[in-house]
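Structure at a glance
Residue strings, one per chain:
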Amino acid sequence: MNTKTQVGIIGAGPSGLLLSHLLHLENIDSVILEARDRQYVEERVRAGVLEQGTVDLLCETGLGERLQREGIVHHGIELRFDGHGHRIALSDLSGGRSIWIYGQQEVVKDIIDTRLAAGGKIHFEADNVNLSGIDSTQPALTYRKDNQDHAVTCDFIAGCDGFHGVSRDSIPAGVLRTYHHVYPFGWLGILAAVEPSTEELIYAYHERGFALHSLRSPEISRLYIQVDPDEDISNWPDDRIWEELSLRLATEDDWTLKTGPVLEKGITPMRSFVVEPMQYGRLYLAGDAAHIVPATGAKGLNLAVHDVHKLAEALIAWYREGSDKLLEQYSDRCLGRVWRVQDFSSFMSLMLHRFSEDDGFKGRLQRAQLKYVCSSEAAARSLAENYVGLPHYGKYT
Ligand code: FAS
Ligand code: PHB
């Protein structure tokens, strides 16, 4: 079947869904093509921390009702090392900005429900998506669904299909500059049906490796440990994971880690990745299709939201005023923040993870940095303003 829309979107993750919603608010039509089924997309456990700017945008655009009811506001995080915890007072240090704990899958569910209730077109299980004519004024998407071939002609295509998607590779060779750094560690993450053992997130530096205690609700904990990048999850029965978490999160006082049934576990490699520019012809890349950050700074989802905010503004200006100025500037308006977030995520990752080849020198530098961040208001303020998220319209980027 051949159809037409104004903006063809590949991917029903946070990027594609939010873009479709923001365009709909301005009566701009879009179609989302998603490779997986709805259940997979809604149940995929990923990010958990929303920056202030992300929460503000979701609430301002009618997506904040359940978030405000079920999300948990946090005003600080703890850095833990040498058996002691040090609180970074995020809100006090950032002029009152906070972070919110609300799972990425909940954001995805909220936007899918909202889009479908508004008659939005999301084609799940769309196989073999291909792009054509991205250097023309009539780009097109083809895909296969229900044993039928389909085509969607559009004015623009948004590549919101993540790191392993098809859109970035549709850009001709020689156009993109690619920056890629692979960290010598991964994260083993668990979702557990146990009350969190902390009010706020704990980032732990330990000689055995990094650990993070996060959460999803008063009943669900989310925790991570640093592992080798090629570690096999089958080497990690639940008891071993809890034992390692207890060792790495231990303090000199009587704090203990509550354990419980592990609902899900998986290993994620850690990398930094950026392509420049984030556009070619009528194709615009947003979110993980354009960049990846190590999760240590809790930025991946939030950076995707910033991209989509800028892309929606640019498309709205084109349709409302016939101006292509913001479209031309899209990459530049995103890349300043992309590299600021890359730098912050790298800072957090290099400060908190153990490096196997460390001969002691790197460990002493890391402790010096941790002590400075925990004792200097200026250093803590810098961490805080990056962690809660710089304003979407700031001078930093
Ligand atoms: P996504 O990858 O979320 O979505 C892309 C969508 O496109 C997917 O639904 C995919 O099925 C679809 N797609 C792909 N190829 C396609 C094709 N050819 N045709 C059609 N559809 C296609 N970030 C944090 O801030 N904190 C975290 O703790 C964190 N943990 C993570 C854990 C894991 C395992 C991963 C992979 C990422 C994690 N991230 C985390 C980063 C993550 O949250 C991303 O930044 C966020 O999902 C970005 O959203 P999208 O750009 O929409 O990409
Ligand atoms: C999470 O809750 O999944 C989470 C929190 C903070 C991070 C990464 C992941 O830095």
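Within any chain, residue numbers begin from 1 and follow the written order of that chain's sequence. Labels follow written order: the first chain is A, the first ligand is 1, and so on. Given that the model is predicted, a residue must reach a pLDDT of at least 70 before its local features are reported, and side-chain atom pairs must reach 80 or more before they are shown or counted; all residues, however, enter totals for whole chains, interfaces and linings. In computing side-chain values, all of the structure's heavy atoms are included and hydrogens and water are not.

Details of the packing of aromatic side chains
Only rings of Phe, Tyr and Trp enter the pairing, Trp through its six-membered ring, and a pair is recorded when the two centres are within 6.5 Å. The plane angle decides the type: under 30 degrees is stacked, over 60 is edge-to-face, the rest tilted. If you walk through the whole model with that rule in mind, you get 15 aromatic pairs. Look at Trp-187 and Phe-210: their rings are 5.2 Å apart centre to centre, the planes differ by 20 degrees, and that puts the pair in the stacked class. Taken together, the residues Trp-187 in strand 14 (residues 177-192) and Phe-210 in the loop between strand 15 (202-205) and strand 16 (211-215) connect sequence positions 23 residues apart. Type-normalised accessible area, obtained with a 1.4 Å probe on protein chains alone, sets the label of each residue: buried when under 20%, exposed when over 50%, and partly exposed for intermediate values. For Phe-210, a relative accessible area of 0% gives the class buried. With a centroid separation of 6.5 Å and 80 degrees between ring planes, the pair formed by Phe-344 and Tyr-387 is classed as edge-to-face. With a gap of 43 residues between them, Phe-344 in helix 10 (residues 330-352) and Tyr-387 in helix 12 (residues 377-387) connect regions that are remote in the sequence. A residue is classified by how much of its surface remains accessible, and Tyr-387, at 1% relative accessible area, is buried. Linked through ring pairs, Trp-187, Tyr-203, Phe-210, Tyr-224, Phe-344, Phe-347 and Tyr-387 together constitute an aromatic cluster. Over a ring means this: the NZ of a Lys or the CZ of an Arg is within 6 Å of the ring centre and within 35 degrees of the ring normal. Over the face of the ring belonging to Trp-255 we find Arg-80, whose NZ or CZ atom lies 4.3 Å from the ring centre. Under the scheme used here, helices are H or I runs from DSSP no shorter than 4 residues and strands are E runs no shorter than 2 residues, and both carry numbers assigned from the N terminus.

Comments concerning the sheet that holds strand 1 (residues 2-4)
Two strands make a pair as long as DSSP finds a minimum of two bridges between them. The strand order across the open sheet built from four strands is 1-12-11-10, with neighbouring strands paired in mixed fashion. A single partner strand is all that each edge strand has here, and the edge strands are strand 1 and strand 10 (127-132). The average undirected angle you get between the axes of adjacent strands in this sheet is 20 degrees. Sheet topology note: the strand 1/strand 12 (residues 148-153) ladder contains three bridges and is parallel. In the strand pairing of strand 12, Thr-3 is matched with Val-152. An axis is simply a line fitted to the C-alpha atoms; with a helix, the fit covers only the stretch in contact. Between two such axes, the angle follows the N-to-C directions and lies from 0 to 180 degrees.

Structural notes on the site of ligand 2
If a single non-hydrogen atom of a residue is within 4 Å of a molecule or strand, that residue counts as near it. The environment of ligand 2 is made up of 14 residues, and the closest members are Tyr-203, Ser-214, Arg-216, Tyr-224 and Ala-295. Between ligand 2 and Ser-214 there is a distance of 2.6 Å, counted from an oxygen atom to a side-chain nitrogen or oxygen. We define a polar contact as two N or O atoms separated by no more than 3.5 Å, with the added condition that, inside protein, one atom must be a possible hydrogen donor and the other a possible acceptor, whereas residues neighbouring each other in sequence contribute only through side-chain atom pairs. A distance of 2.8 Å is found between an oxygen atom of ligand 2 and a side-chain nitrogen or oxygen belonging to Arg-216. Per-residue accessibility takes into account occlusion by the displayed protein chains alone, with areas from the Shrake-Rupley method and a 1.4 Å probe. When the free accessible area of ligand 2 is taken as 280 Å², the share hidden by the protein chains comes to 97%.

Some remarks on the site of ligand 1
As a structural note, the neighbourhood of ligand 1 is formed by 27 residues, with Ser-15, Glu-34, Arg-46, Gln-104 and Asp-288 the closest of them. Glu-34 places a polar side-chain atom, nitrogen or oxygen, 2.7 Å from an oxygen atom of ligand 1. Here an oxygen atom of ligand 1 and a side-chain polar atom of Arg-44 are 3.0 Å apart. For ligand 1, whose accessible area on its own is 990 Å², the fraction buried by protein is 83%. At the level of secondary structure, the elements contributing two or more residues to the shell around ligand 1 comprise helix 1 (14-24) and helix 8 (300-321). Residue type decides the class: Asp, Glu, Lys and Arg count as charged, Ala, Val, Leu, Ile, Met, Phe, Trp, Tyr, Cys and Pro as nonpolar, and the leftover types, Gly among them, as polar. Tallied by class, residues from the shell around ligand 1 come to 11 nonpolar, nine polar and seven charged.

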